[in-house]
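In case you want the letters, here they are:
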Amino acid sequence: MQRKATPMIEIENLGKSFTLHNQGGATIRVMDGASLSVAAGECVALTGQSGAGKSTLMRMVYGNYLADAGSVRVGGVELVGAEPRDVLALRRETLGYVSQFLRVVPRVPTREVVAEPLLALGTPRDTALVRARELLTRLRIPEALWGLSPTTFSGGEQQRVNIARGFAHTYPALLLDEPTASLDAANRETVLSLIDEAKARGAAIIGIFHDEAARTRVADREIDVARFTPGLAA
Amino acid sequence: MTRLLSVRDIAKTYGGRIGCTDVSFDLYPGEVMGIVGESGSGKSTLLNCLAGHLAPDRGEVLYDMRGQGLRDTLTLSEPERRMLSRTDWAFVHQNPRDGLRMSVSAGGNVGERLMAVGARHYGDIRATATDWLGRVEILEERIDDRPSSFSGGMQQRLQIARNLVTGPRLVFMDEPTGGLDVSVQARLLDLMRGLVREMGLSALIVTHDLAVVRLLAHRIMVMKGGHVVEAGLTDQVLDDPQHPYSQLLVSSVLQV
């Protein structure tokens, strides 16, 4: 195994500013010199106080925030300056993201929402739906809800649907933003086992976990992002 | 992968006023691009120039014609252009009445486009029309009804069926969910997303609704005063807009 040889996620000297054109053109430097690499099968937790830039860093890795310096490579593909279609191909095949919010087309049934990442990859419908059922069952979403749109579900249920969707495809790299927030003990346990299984199959994971016990259990390393935050570093 | 559409330096002025200018982009097979901006930003002018409804003052609209490679559609002969817009291209108007023949039955509206490309067998045409009405969730029993007896949402779905029946590769949409109430919009969004995925369609969607582009489009172009001020991956432009106008646009959306 050449696991440690080439990191799955490589972040080098990443920097970012926000310019608020409609608020006096204020420019806020939010990140400087962020460097981090995550090997296959490894889980790295981002820590730091609220506002330190954990989610910002994660979004730059996913590509929905633009970096203005440095480099992010996932599975060898450079994201900084990449064409939209290359970022989309990477997200389809390699890089999964479980955000804190579920964004779906209203009216689409839950099982389709969960199966969608697989359908987008060209997985046969039956296979994709079997996988969706399996995940929804594990995450204790009652079968009676599978045919309904998750837009009316409770916060915890939506979060679990989001997790099921994020784990439907076996992405080689995963970003998890508070995956255990607002979950009860049993579901939290299920999510932690899903993360363990993903690591065991070789997924490289970057996670944000406010839940300290969860973080200690699944993370191999912790990185305090304050050291990448201009003005916050000691 | 080869480009399906390559737009080069399109400009259109109305008298001395700029409709749109300096617009260039490439669209690849299976890509959906949203064109957003306020009214008067030039987005509909651009769409109409690209679709051949308006003649731009300059520029090229190169399209990957079947078996011919990239050709400038602005210099095609009239029969060639007509054939293209009946087969490989589709245009969904904001107002279904602009895209449907209101005095012809629903089945006829769908069948007509098939006949325009040479279908002659009545049974086959009707069967295909029935199949398409089903795909856009219009009951088969309504096949002989005129669209004037349909609701706005049904008319819009019928317009989509009429456009997609010939298996186009590129669909132009001008505010496709514009005049519909939100529950109907959701149904149409779901339908369009499924069709894009199953048929591998490419689409250009003009809209002022950022929620619609977020759910449908892979990429977006933000227009203001006839210029493209920002372009990129949809969630990047919406989550981290760079241009002052894009920032204003995104921050002006009311949170539900």
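All values derive from a computational prediction rather than experimental measurement.

> Is there a simple way to explain the domain arrangement of chain B in this structure?
One frequently used descriptor of interface size is the decrease in accessible area upon assembly of the parts. All names here are of chain B. For chain B, the assigned domains are domain 1 (27-54 + 74-88 + 168-256) and domain 2 (95-167). The C-alpha-based centres of domain 1 and domain 2 are spaced at 23 Å. Taken together, the contacts link 18 residues of domain 1 with 16 residues of domain 2. Carbon and sulfur atoms supply 65% of the area that domain 1 and domain 2 bury against each other, a total of about 1500 Å² over both sides. The largest share of the area that domain 1 buries against domain 2 comes from Arg86, Arg187 and Leu191, three residues that together contribute 34% of it. There are 0 salt bridges connecting domain 1 and domain 2. Along the contact surface separating domain 1 from domain 2 lie 5 residue pairs in polar contact (both at pLDDT 80 or more). Among the elements of the structure, α2 (78-86) and α7 (182-199) are those that each provide at least two residues to the side of domain 1 that touches domain 2. When residues of the side of domain 1 that touches domain 2 are assigned to their parent elements, the largest contribution, 8 residues, is made by α7. Residues belonging to the side of domain 1 that touches domain 2 are distributed by class as follows: 12 nonpolar, 2 polar and 4 charged.

> It is not clear to me how the layout of surface pockets should be interpreted in this structure. Could you clarify?
Vacant regions in the atomic arrangement are exposed by a probe of water-molecule size rolled over the atoms. All names here are of chain B. Taken as a whole, the second largest pocket spans an internal volume of roughly 460 Å³. In terms of lining, the second largest pocket is formed by 19 residues, of which the most central are Ser85, Arg86, Phe91, Arg113 and Asn163. At the level of secondary structure, the elements contributing two or more residues to the lining of the second largest pocket comprise α2, β6 (89-92), α4 (106-116) and α6 (152-164). No other element matches the 5 residues that α2 contributes to the lining of the second largest pocket. For the lining of the second largest pocket, the per-class residue count stands at 6 nonpolar, 6 polar and 7 charged. Both of domain 1 (27-54 + 74-88 + 168-256) and domain 2 (95-167) provide at least three residues apiece to the lining of the second largest pocket.

Quick notes on the rules
Residues numbered from 1 in each chain as written. Chains lettered and ligands numbered in written order. Predicted model: local features only at pLDDT ≥ 70, side-chain atom pairs only at ≥ 80, totals over all residues. Heavy atoms only, no water. Domains from an automatic or database assignment. Contact = heavy atoms within 4.5 Å. Buried area = accessible area lost by both parts, 1.4 Å probe. Salt bridge = Lys/Arg side-chain N within 4 Å of Asp/Glu carboxyl O. Polar contact = N/O pair within 3.5 Å; in protein donor to acceptor, adjacent residues only side chain to side chain. Helix = DSSP H or I, 4+ residues; strand = E, 2+ residues; numbered from the N terminus. Nonpolar A, V, L, I, M, F, W, Y, C, P; charged D, E, K, R; others polar. 1 Å grid on protein atoms, 1.4 Å probe; cavity = no way out; pocket = protein on both sides within 12 Å on 5 of 7 lines; lining within 4 Å. Points joined across faces, edges and corners; volume = space filled by probe spheres on them.

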